[in-house]
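Architecture at a glance
Take a look at the letters that make up each chain.
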Amino acid sequence: LIVPQVGVGTVFGTDAQLRYLPETSISDYGSVSLFGLSVRHSLSQYIPLSPVNVAVQGTWQSLSLSGSEGSRNPGTIVEASGWAFNAQVSKDVPVLPVTVYGGLQYEKFGTDIDYVFSTNGTTATIAYDQDATNSVRALAGVSLSLALLQINVDYALSSTNTVSAGVGLTL
């Protein structure tokens, strides 16, 4: 799922990102929508001669999947949302367009699922709520800036360890 994200910053050490995908129909399958907001504030500006950049961030995101009209699942099938609060530290590598970063995050994520499944003339309803087991995550990564291109890779330790990568355009 590709989601547009717009960021504004830095104003008095604060920047914000907005992720938004308006309700978008996917053929006869249904629709998807997403909204997210994130605000980060630099603490390094209050620490003279700090050798690293330190910031705190709060973020919230919501995703919704709905079935198409006339289907067995015309309403909302999946509602998922989560929020997180984290502390970040980063250091630019002198002479290279590389930034090394890390952080510690407290997070909460939950989803509600309600789906009607039919096969071989049998119909079953699948409905449940689930909250993620992870609540704390530690992260380390590296970012490479090449002109307008920003490439990052990071590794997160939590109840489920993950590796993620991203590519973005910066102005």
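Placed above this text is the structure.
1. Quick word on the side chain of S64
Relative to the helices and strands, S64 is located in strand β4 (residues 53-67). Among the polar contacts made by the side chain of S64, one reaches the side chain of E79 at a distance of 3.1 Å. Contact partners of S64, with chain neighbours within four places excluded, come to S31, V32, S33, T76, V78 and E79.

2. Considering the pattern of salt bridges
Evaluated as defined, the whole model comprises two salt bridges. Note that D15 and R40 form a salt bridge whose closest N and O atoms lie 3.2 Å from each other. Here D15 is found in strand β2 (residues 14-26), whereas its partner R40 is found in strand β3 (residues 30-42), with 25 residues between them in sequence. Residue D15 is classed as buried on the basis of its relative accessible area of 12%.

3. Describing the packing of aromatic side chains
Tallied over the entire structure, the rule returns three aromatic pairs. Considering the side-chain rings of Y20 and F35, the 6.5 Å spacing of their centres and the 75° angle between planes classify their relative orientation as edge-to-face. With Y20 in strand β2 and F35 in strand β3, this residue pair connects regions lying 15 residues apart in the sequence. Ring geometry for F35 versus W60: centroids 6.0 Å apart, planes at 55°, classification tilted. Here F35 is found in strand β3, whereas its partner W60 is found in strand β4, with 25 residues between them in sequence. Overall, F35 belongs to the partly exposed group, its relative accessible area being 33%.

4. Remarks on a nonpolar patch on the surface
A surface patch of nonpolar side chains, amounting to about 1,000 Å² of accessible area, comprises L18, Y20, F35, L37, V39, W60, W83, F85, L104, Y106 and V136. Every element with two or more residues in the nonpolar patch is listed here: β2, β3, β5 (76-92) and β6 (98-119). Examining the composition of the nonpolar patch, we find that three residues originate from one element, β3, more than from any other.

Cut-off values and rules
- Residues numbered from 1 in each chain as written.
- Predicted model: local features only at pLDDT ≥ 70, side-chain atom pairs only at ≥ 80, totals over all residues.
- Heavy atoms only, no water.
- Helix = DSSP H or I, 4+ residues; strand = E, 2+ residues; numbered from the N terminus.
- Polar contact = N/O pair within 3.5 Å; in protein donor to acceptor, adjacent residues only side chain to side chain.
- Contact = heavy atoms within 4.5 Å.
- Salt bridge = Lys/Arg side-chain N within 4 Å of Asp/Glu carboxyl O.
- Buried < 20%, exposed > 50% of the residue type's maximum accessible area, 1.4 Å probe, protein only.
- Phe/Tyr/Trp six-rings, centres within 6.5 Å; stacked < 30°, edge-to-face > 60°.
- Patch = residues over 30% accessible without salt bridge, like charges linked within 9 Å, V, L, I, M, F, W, Y side chains within 5 Å.
- Areas by Shrake-Rupley, 256 points an atom, 1.4 Å probe, with all protein chains shown as cover.

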